[in-house]
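Examining the three-dimensional arrangement
Below are the chains, spelled out letter by letter.
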Amino acid sequence: MANRGLSRRTTNKWAIDLTSRPRYVPDRQFVQHSELPAPLGYSEQRVQHVESREANSTHLVAKKSWDIALGPFKQIPMNLFIMYMAGNSISIFPIMMVGMMFLRPVKALLAIKSTFVSLEGEHDHVALQKFFYLLGNLSLVALALYKCHSMGLLPTATSDWLAFMEHKTRVEYSGGGFIL
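Parameters at a glance
Residues numbered from 1 in each chain as written. Predicted model: local features only at pLDDT ≥ 70, side-chain atom pairs only at ≥ 80, totals over all residues. Heavy atoms only, no water. Helix = DSSP H or I, 4+ residues; strand = E, 2+ residues; numbered from the N terminus. Buried < 20%, exposed > 50% of the residue type's maximum accessible area, 1.4 Å probe, protein only. Contact = heavy atoms within 4.5 Å. Areas by Shrake-Rupley, 256 points an atom, 1.4 Å probe, with all protein chains shown as cover. Phe/Tyr/Trp six-rings, centres within 6.5 Å; stacked < 30°, edge-to-face > 60°. Salt bridge = Lys/Arg side-chain N within 4 Å of Asp/Glu carboxyl O. UniProt positions renumbered as here; feature names shortened; annotations may be inferred. Polar contact = N/O pair within 3.5 Å; in protein donor to acceptor, adjacent residues only side chain to side chain. Expected span 1.5 Å × (residues − 1). Bend = angle between axes of the 7 residues up to and from the residue. Axes fitted to C-alpha atoms, helices over the stretch in contact; angles between N-to-C directions. Parallel < 35°, antiparallel > 145°, perpendicular 65-115°, else oblique. Left-handed = near helix turned anticlockwise from the far one by under 90°. Nonpolar A, V, L, I, M, F, W, Y, C, P; charged D, E, K, R; others polar. Core = buried A, V, L, I, M, F, W, Y, C linked by side-chain atoms within 4.5 Å.

If you tally the helices and strands in the protein chain, you get five helices and two strands. Counting the 180 residues in the protein chain, one finds 19% classified as buried. Taking all contacts inside the protein chain whose residues are at least 6 apart in sequence as the whole, residues at least 24 apart take part in 56%. Total accessible area on the protein chain is roughly 15100 Å²; 62% of this is exposed by carbon and sulfur atoms.

Written out as structure tokens, the structure reads:
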């Protein structure tokens with residue numbers, strides 16, 4: 001029994017020779033060496049995607065700089081979850097969480113120039129990216145201040161400022177009287 005497509009070298013009747021592949025002929029027809037047809041969409045032609053390296057690198061730099069600029073906005077949901085989990089009690093853990101929520105954006109705002117120093121001459125959108133970076137960090141500071149206010153750490157009530165209020169001066173004094 002002659003089995004086409006089976007290996008001629010082995011005597012096992014279940015062995016298939018997968019080394020022979022269909023050959024591509026210029027008139028777009030396949031010459032088969034075995035009974036197995038070529039897979040759907042198979043072609044011997046190699047398609048090369050030609051793209052200038054400079055355009056690709058410019059695109060990557062722009063994408064990376066926008067990732068840096070929008071990074072603080074990506075931290076907002078995480079900070080909201082931390083605010084929820086910390087609660088409103090005054091203890092060391094929530095105060096440390098709120099302190100870190102406040103200090104990280106302030107440090108980022110102070111280092112905004114060094115963050116974008118490598119991207120200064122690359123493209124035109126650096127000023128817009130700095131603005132979004134600034135806006136994102138200011139929103140994180142606002143979230144931290146809101147959490148401080150909800151915990152009662154900010155002096156916003158009149159009772160917090162009693163030491164600085166002037167004492168009322170009495171206009172009249174009354175005295176005497178009878179108890180019946």
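This model, assessed by the stated rule, comprises three aromatic pairs. Look at Phe-116 and Tyr-133: their rings are 5.4 Å apart centre to centre, the planes differ by 85°, and that puts the pair in the edge-to-face class. Placement of Phe-116 in the loop between helix H4 (112-115) and helix H5 (126-151) and of Tyr-133 in helix H5 is noted, with a sequence separation of 17 residues between them. Taking relative accessible area as the criterion, Phe-116 reaches 0% and is therefore assigned buried.

Here the focus is the pattern of salt bridges. Tallied over the entire structure, the rule returns one salt bridge. The residue Lys-74 makes a salt bridge to Asp-67 at a minimum N-O spacing of 3.9 Å. For Lys-74, a relative accessible area of 54% puts it in the exposed group.

To continue, consider the UniProt feature "transmembrane region" (unreviewed entry) in the protein chain. The sites that carry the UniProt feature "transmembrane region" (unreviewed entry) are, in the present numbering, residues 81-106. Helix makes up 81% of residues 81-106 and strand 0%, and the two end C-alpha atoms of the span are 20 Å apart.

With respect to the secondary-structure elements, Gln-129 resides in helix H5. What makes Gln-129 buried here is its relative accessible area of 0%. Looking at Gln-129, its side chain comes within polar contact range of the side chain of Ser-65, at 3.0 Å.

Within the fold, Asn-79 resides in helix H2 (residues 71-86). Not counting residues within four places of it along the chain, the set of residues in contact with Asn-79 comprises Met-101, Arg-104, Leu-140 and Leu-143.

This part takes up H2. In this model H2 runs 23 Å from its N-terminal to its C-terminal C-alpha over 16 residues, within 8% of the 22 Å that 1.5 Å per residue would give. Roughly 30° is the biggest bend found in H2, and it falls at Pro-77. Where H2 terminates, the next one or two residues include Gly-87, which has phi positive at roughly 80°.

Further remarks concern the packing of helix H3 (residues 92-110) against H5. In contact at an axis separation of 9 Å, H3 and H5 are set at 155° when each is read in the N-to-C sense. Here H3 lies roughly antiparallel to H5, going by the angle between them. At the point where H3 passes H5, the crossing takes the left-handed sense. Across the interface between the two elements, Pro-94, Ile-95, Val-98, Met-101, Phe-102, Pro-105, Val-106, Ala-108 and Leu-109 from H3 touch Tyr-133, Leu-134, Asn-137, Leu-138, Leu-140, Val-141, Ala-144, Leu-145, Lys-147, Cys-148 and Met-151 from H5. Per-class residue counts for the contact of H3 with H5 are 18 nonpolar, one polar and one charged.

A few words now on the nonpolar core. One finds Ile-76, Ile-82, Met-83, Met-101, Leu-140, Leu-143 and Ala-144 forming the largest nonpolar core, which totals seven residues. If you list the elements that add at least two residues to this core, you get H2 and H5. Setting aside residues up to four positions removed in sequence, Ala-144 forms contacts with Val-98, Met-101 and Phe-102. Ala-69, Phe-116, Leu-119 and Tyr-133 belong to the second-largest nonpolar core, a separate cluster that totals six residues.

The terminal C-alpha atoms of H5 lie 38 Å apart, and with 26 residues this matches the ideal 38 Å at 1.5 Å per residue to within 8%. Looking only at H5, the buried set comprises Val-126, Gln-129, Tyr-133, Gly-136, Asn-137, Leu-140, Val-141, Leu-143, Ala-144, Lys-147, Cys-148 and Met-151. Just beyond H5, the residue with positive phi is Gly-152, at close to 85°.

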